Amino acid sequence: FLDQQNHDDGEFSAAGVQRMQTAFRRFKVPDSMDLHRDAVVGLLDYLGHVLTSEEIVHPIIKEITSYDYLDFDEFLSFMSRFVPREKEEFGSVFHKYDEDSSGSIEVPELRKLLLDLGFIPLHGMIQEALAAADRSGNGELDFQEFVTFMAVYRRHEGFTTNDVNNVREIFDRFADAEESKLMADNLSDALVQIFGVHVAESAGAMQDQLKSGQGLQKASFMAPSGDAKAEGLTFGEFLIFARKTREVAFEQAKSDHPGLSGKSGAAAAMFDDCDEDKNGKISNPELRKTLKKMGYTPLKQNLDEFLLEVDKNQDNELDFSEFFDFILLFKAREGFRKQTAEEMKKLFTQFDSDGGGEMDALEVADLMRELGYSVSLEEIRGLVLQVDSSGNNALDLPEYMRLMRLYREQELSSIMLSFVEFAGSESGVVSGNTLRCTLEAVGYEFPTKLAKDRSKYDFDAFVGLVDRCRAEVVAREKKKAGFSDAKIERFEQLFSDFDKDRSGNIDAMELLGMLKMFSWEPKTRDEQQALTQKIDTAHLKAREAGAEQAEGSEGITFWSFVQLARILETEHDYAEEQKMTSLMVRLKFSQKEVEEFRVVYVDKKKAIADTDGEELDGLPRQAVRRLLYMIGIEVKGDKKPMLDDELDRLDCPDDGRLDFFGFLELMRFLLDSGWMDA
């Protein structure tokens, strides 16, 4: 950019020509060497130019050619005329903000100038560019310093050096190692890794356009040949796509909060609701309201940390660019504090067993148990279905962060209900005995060290107390290996039944009898040997979880059995997953379809459990009929014996249970029989 602005003779550096040529290939008409005139504006925008209206661009094209198409040499001729015109426009905008005609502008006005030009004025990049451009260090920029500022700002597509390093790390992770290029199929996933799941839709649209083989022109002037294939992206091009993704998010923020950017119209209603003093800035209370509307619970300690990062003048108010900085950062970390986000990233890496950058539902369940949460695999699958933007039934890091945010919001919602019950309102306080009652209502014992505490706790402070109590409970919960209290009680009863001498230990034969109750008993010599190793692992995990072990005992204690049960149940879950994969292929169901069927199946099981107070391992035959009726399938006439025959085939007699595998088989039967629409 600096090379272009300082050369009025139309000559460009070799690097500049190469960059333009690479971009030209993206926008040219498929299967040709020409660019349509209507694609020039998009190409200039892709290259980072902002003064790209057709009123400026088309007259210059007419000076070059009377045809609708330009080859690359003609495009270079166009650029040699466009760049000086762009410089004139920059000068006009610069002088607009040079109100006293001193030949320089003050740095505080720079953000407004950048917004006027159409750039995203993020604080970090402004500071980095200023360090290079403001040679005098007087906090003002003359026009030449401004040109230098723009060169630095655009060198890395508006990203800071630290941002670029992070983007490079993600690029290298997804790029083809031999060609050092990122293939079109990986573009969306890579962009989501940078910005979070909230950009999945726009990133997916970019990927689809790139994969189409049509290039990136605004319209299709010619259809590509059938074997058209998208060329891989270099890192420089990927950085451009990252910039474009951020620009889409920026435009969305302006649309959602037009009052911040000086815009008005019907879409301003949301911002007007928040900007109560109509001063064009977001105060702390207004920010809280905005975040609530976005689905977040704004905790003071979290907000303070984010504001410290973006509100550089510390006036506790955000202008539009600071607000966009805040929202971008807040969404990327899903509202978690920096240390918490780093810890979550480390855990993700630890439980991503194959190092592929994704976790399946079983790995997520293991991770949640490590955090001390008692969450069933069915609950995990439900959460995964909500955040899995790629639809592959596995979570990358941003999707995992989103899942943890959803879970955290569920937790905060439950805490809020108890808090309001005793405090009277969200803005109330609890103290003394009321504090004790509120904490117990959330499910935690009142710490004895707070017996004489007369402090008043608002909601933020109370959440902090709950989190501290929870941290103390996590170690105890680890002993349960993620099993619910009801499951632990069932284990205790069975263990007591087999522990005839009440020694707190059961021997090998008693253990085998207990395992048989769950169909976990070893059936071969190899399985018996493997069980011995699993018992050793269970002993170790029980000790790590703080459970006391009887020294010198050859048997197994209760808490060791709990850990063994988790090991065996996880093995069973993995075996079920493999069985499910094979079944999906045979039944020709996609992963998304299976998960949607699972939601229906699990909801019905829960409804029966809530009514009868019994957790079932499958759906009774009559419940299957009622479920079919609920989804609009009436089993009458000839259909009734046909359904009975199919349920018999699926090993679900009148007094039996239909498991989820059988339920999927039934869904395929109904689809193939025309009883329900595909």
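Residues numbered from 1 in each chain as written. Predicted model: local features only at pLDDT ≥ 70, side-chain atom pairs only at ≥ 80, totals over all residues. Heavy atoms only, no water.

1. Topic: the overall build of the chain
Phase 1: Helix and strand counts for the chain stand at 30 helices and 12 strands.
Phase 2: Considering the chain as a whole, with its 678 residues, one finds that 48% of them fall into the buried category.
Phase 3: Taking as baseline every contact in the chain between residues at least 6 positions apart, the subset at least 24 positions apart corresponds to 62%.
Phase 4: Counting every atom, the chain has about 34,100 Å² of accessible surface; 48% of that belongs to carbon and sulfur. (Helix = DSSP H or I, 4+ residues; strand = E, 2+ residues; numbered from the N terminus. Buried < 20%, exposed > 50% of the residue type's maximum accessible area, 1.4 Å probe, protein only. Contact = heavy atoms within 4.5 Å. Areas by Shrake-Rupley, 256 points an atom, 1.4 Å probe, with all protein chains shown as cover.)

2. A closer look at the pattern of salt bridges
Phase 1: Scanning the entire structure with this criterion turns up 43 salt bridges.
Phase 2: Residues Arg-168 and Asp-172 are paired through a salt bridge, measuring 3.2 Å at the closest nitrogen-oxygen approach. Taken together, the positions of Arg-168 and Asp-172, both in helix H9 (residues 161-174) and four residues apart, correspond to about one turn of that helix.
Phase 3: Exposure remark for Arg-168: the relative accessible area of 32% places this residue in the partly exposed category.
Phase 4: Between Asp-366 and Arg-369 there is a salt bridge whose closest N-O contact spans 2.3 Å. Placement of the pair is Asp-366 and Arg-369 together in helix H18 (residues 361-370), with a separation of three residues, close to one helical turn.
Phase 5: Here Arg-369 falls in the buried class, since its relative accessible area comes to 14%.
Phase 6: Salt bridges linked by common partners bring Arg-19, Asp-45, Glu-157, Arg-243, Lys-244 and Glu-247 together as one network. (Salt bridge = Lys/Arg side-chain N within 4 Å of Asp/Glu carboxyl O.)

3. Section: unusual backbone geometry
Phase 1: Phi at Ser-101 takes a positive value of approximately 55°, unusual for a residue other than glycine.
Phase 2: One can find Ser-101 in the loop between helix H5 (72-97) and strand E3 (104-106).
Phase 3: Given a relative accessible area of 64%, Ser-101 falls into the exposed group.
Phase 4: A positive phi angle, close to 55°, is found at Glu-334, a residue other than glycine.
Phase 5: Locating Glu-334 in the fold gives a position in the loop between helix H16 (320-332) and helix H17 (338-351).
Phase 6: When its relative accessible area of 3% is taken as the criterion, Glu-334 is described as buried.

4. A closer look at the packing of aromatic side chains
Phase 1: On inspection of all chains with the given rule, the structure shows 32 aromatic pairs.
Phase 2: Between Phe-75 and Phe-78 the ring centres are 6.0 Å apart and the planes differ by 25°, which places this aromatic pair in the stacked class. Of the two residues, Phe-75 and Phe-78 both sit in helix H5, three residues apart, roughly one turn of that helix.
Phase 3: Exposure remark for Phe-78: the relative accessible area of 0% places this residue in the buried category.
Phase 4: Seen in terms of ring centroids, Phe-306 and Phe-330 are 4.9 Å apart; in terms of plane orientation they differ by 50°. Their pairing is tilted. Of this pair, Phe-306 sits in helix H15 (residues 300-310) while Phe-330 sits in helix H16, and the two are 24 residues apart along the sequence.
Phase 5: According to the relative accessible area criterion, Phe-306 is buried, its value standing at 0%. (Phe/Tyr/Trp six-rings, centres within 6.5 Å; stacked < 30°, edge-to-face > 60°.)

5. Overview of helix H28 (residues 621-630)
Phase 1: Listed in full, the buried residues belonging to H28 are Arg-621, Ala-623, Val-624, Leu-627 and Leu-628. On an axial view of H28, the arc spanned by its buried residues comes to 155°, and they lie on one face. Facing away from the buried surface of H28 by more than 90 degrees, the exposed residues are Tyr-629 and Met-630.
Phase 2: Two residues or fewer past H28, Gly-632 is found with a positive phi of approximately 95°. (Arc of directions from axis to C-beta.)

6. Side note on the side chain of Ser-418
Phase 1: With respect to the secondary-structure elements, Ser-418 resides in helix H20 (residues 397-423).
Phase 2: Beyond its immediate chain neighbours, meaning those up to four positions away, Ser-418 contacts Thr-438, Ala-441 and Val-442.

7. So, H17
Phase 1: With 14 residues, H17 extends 20 Å from end C-alpha to end C-alpha; this agrees with the ideal 20 Å at 1.5 Å per step.
Phase 2: For H17, the complete set of buried residues consists of Ala-341, Met-344, Leu-347, Phe-348 and Phe-351. Within H17, the buried residues cover an arc of 120° as seen down the axis, which keeps them to one side. Seen from the buried face of H17, the exposed residues on the opposite side, beyond 90 degrees, are Gln-339, Lys-346, Thr-349 and Gln-350.
Phase 3: Where H17 is buried, its residues meet strand E7 (359-360), H18, strand E8 (394-395) and H20. (Expected span 1.5 Å × (residues − 1).)

8. Section: the confidence of the model for the chain
Phase 1: Taken residue by residue, the chain gives an average pLDDT of 83. The fraction at 70 or more is 89%.
Phase 2: pLDDT under 50 marks residues 218-224. Its contacts with residues more than four places away, or in other chains, come to 15 contacts.
Phase 3: With pLDDT under 50 throughout, residues 260-271 is counted as low confidence; its partners more than four residues away or in other chains account for 25 contacts. (pLDDT = per-residue confidence, 0-100.)

9. Focus: the packing of helix H4 (residues 54-64) against H5
Phase 1: Axis separation between H4 and H5 bottoms out at 9 Å; the angle between their running directions is 140°. Viewed along their axes, H4 and H5 adopt a mutual orientation that is oblique. The crossing of H4 and H5 is right-handed. Across the interface between the two elements, Ile-56, Val-57, Ile-60, Ile-61, Glu-63 and Ile-64 from H4 touch Glu-74, Ser-77, Phe-78, Arg-81, Phe-82, Arg-85 and Glu-89 from H5. (Axes fitted to C-alpha atoms, helices over the stretch in contact; angles between N-to-C directions. Parallel < 35°, antiparallel > 145°, perpendicular 65-115°, else oblique. Left-handed = near helix turned anticlockwise from the far one by under 90°.)

10. Concerning the nonpolar core
Phase 1: In terms of nonpolar packing, the biggest core is built from 60 residues, with Phe-75, Phe-78, Met-79, Leu-182, Leu-187 and Phe-238 touching the most fellow members.
Phase 2: It is helix H12 (residues 235-256) that provides the largest number of residues to this core, a total of eight residues.
Phase 3: Apart from the residues lying within four places of it in its own chain, the contact partners of Leu-182 are Phe-171, Phe-174, Ala-175, Leu-187, Ala-190, Gly-232, Leu-233 and Phe-238. (Core = buried A, V, L, I, M, F, W, Y, C linked by side-chain atoms within 4.5 Å.)

11. Section: the environment of Ala-365
Phase 1: Its place among the elements puts Ala-365 in helix H18.
Phase 2: By relative accessible area, Ala-365 is classed as buried at 4%.
Phase 3: Through-space distance from the C-alpha of Ala-365 to that of Gly-482 is 8.6 Å; in sequence the pair is 117 residues apart.
Phase 4: Residues contacting Ala-365, with those up to four places away along its chain left out, are Leu-377 and Ile-380.

12. Quick word on the packing of H20 against helix H21 (residues 432-442)
Phase 1: The geometry of H20 relative to H21 is characterised by a closest axis approach of 9 Å and an angle of 150° between their N-to-C directions. When the axes of H20 and H21 are compared, the pair comes out roughly antiparallel. Every pair of crossing elements has a handedness; the one defined by H20 and H21 is right-handed. Contact with H20, carried on its side by Ile-415, Ser-418, Phe-419 and Phe-422, involves Thr-434, Cys-437, Thr-438, Ala-441 and Val-442 of H21 and no other residues of that element.
Phase 2: Here the contact of H20 with H21 is composed, by residue class, of six nonpolar, three polar and no charged. (Nonpolar A, V, L, I, M, F, W, Y, C, P; charged D, E, K, R; others polar.)

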